[in-house]
Amino acid sequence: MGPHGGHGVTAGGATATGGMGLWWLAVGLLLVALAGLSLAYVSRKRTGSTETAPPKETDRAMRDLRAKYARGEIDDEEFANRAATLNLEWG
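Rules and cut-offs
- Residues numbered from 1 in each chain as written.
- Predicted model: local features only at pLDDT ≥ 70, side-chain atom pairs only at ≥ 80, totals over all residues.
- Heavy atoms only, no water.
- Helix = DSSP H or I, 4+ residues; strand = E, 2+ residues; numbered from the N terminus.
- Buried < 20%, exposed > 50% of the residue type's maximum accessible area, 1.4 Å probe, protein only.
- Areas by Shrake-Rupley, 256 points an atom, 1.4 Å probe, with all protein chains shown as cover.
- pLDDT = per-residue confidence, 0-100.
- Expected span 1.5 Å × (residues − 1).
- Arc of directions from axis to C-beta.
- Core = buried A, V, L, I, M, F, W, Y, C linked by side-chain atoms within 4.5 Å.
- Patch = residues over 30% accessible without salt bridge, like charges linked within 9 Å, V, L, I, M, F, W, Y side chains within 5 Å.
- Salt bridge = Lys/Arg side-chain N within 4 Å of Asp/Glu carboxyl O.
- Phe/Tyr/Trp six-rings, centres within 6.5 Å; stacked < 30°, edge-to-face > 60°.

### Some thoughts on the overall build of the protein chain
Across its full length, the protein chain holds 3 helices and 2 strands. If you list the helices and strands of the protein chain from N to C, you get β-β-α-α-α. Put simply, the protein chain has 91 residues, and 7% of those count as buried. As presented, the protein chain carries roughly 7700 Å² of accessible surface, and 62% of it is formed by carbon and sulfur atoms.

As structure tokens, this is what we get:
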């Protein structure tokens with residue numbers, strides 16, 4: 001055993017058995033993983049998340065609701081109630 005309780009000869013913090021080599025490998029892998037996660041995040045933000053986009057049924061239902069309101073088939077209160085229901089179900 002060496003004077004510090006270890007088994008290898010130390011030179012500038014690294015052991016002769018390659019202890020610092022494993023640390024640099026771990027740091028390198030961590031940096032590569034962080035870069036990959038960052039790229040995935042940026043890519044997802046650019047294309048838009050499907051989780052935040054309303055389903056097609058909501059678009060169609062809101063379009064139909066607006067058309068009924070524009071034609072005068074439903075009043076302000078009915079429009080507000082139905083729009084709120086649609087937003088609660090899919091929004």
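### Focus on the confidence of the model for the protein chain
Taken as a whole, the protein chain shows an average pLDDT of 76; of its residues, 66% reach a score of 70 or greater. Averaged pLDDT values over the elements of the protein chain bottom out at 52 in strand β1 (residues 10-11) and peak at 87 in helix α2 (residues 56-71).

### Here we look at α2
Taking 1.5 Å as the rise per residue, α2 with 16 residues should run 22 Å; its terminal C-alpha atoms sit 23 Å apart, in good agreement. Within α2, burial applies to T58, M62 and L65. Along α2, the residues classed as buried sweep out an arc of 65 degrees about the axis, all on the same side. Seen from the open side of α2, the exposed residues pointing more than 90 degrees away from its buried face are K56, R63, A70 and R71. Looking one or two residues past α2, G72 carries a phi angle of roughly 85 degrees, positive in sign.

### Thoughts on the nonpolar core
If you look at the biggest cluster of nonpolar residues, it comprises 5 residues: M62, L65, I74, A83 and L86. Among the secondary structure elements, those contributing two or more residues to this core are α2 and α3 (76-90).

### Focus on a nonpolar patch on the surface
There is a patch of nonpolar side chains on the surface, built from M20, W23, W24, V27, L30, L31, L34 and L37 and spanning about 890 Å² of accessible area. Mapped onto the secondary structure, L37 falls in helix α1 (residues 19-47). We classify L37 as exposed; its relative accessible area is 59%.

### Let's talk about the packing of aromatic side chains
Counted according to the given criterion, the structure contains 1 aromatic pair. A ring pair is formed by Y69 and F79, whose centres lie 4.7 Å apart and whose planes are at 35 degrees; its orientation type is tilted. Of the two residues, Y69 sits in helix α2 while F79 sits in helix α3, which places them 10 residues apart along the sequence. A relative accessible area of 35% places Y69 in the partly exposed class.

### Description of the pattern of salt bridges
Scanning the model with the defined rule gives 2 salt bridges in all. Put simply, R71 and E73 hold a salt bridge, and the shortest N to O gap is 2.7 Å. With a shortest N-O distance of 2.6 Å, E78 and R82 are connected by a salt bridge. Of this pair, E78 and R82 both sit in helix α3, separated by 4 residues, roughly a single helical turn.

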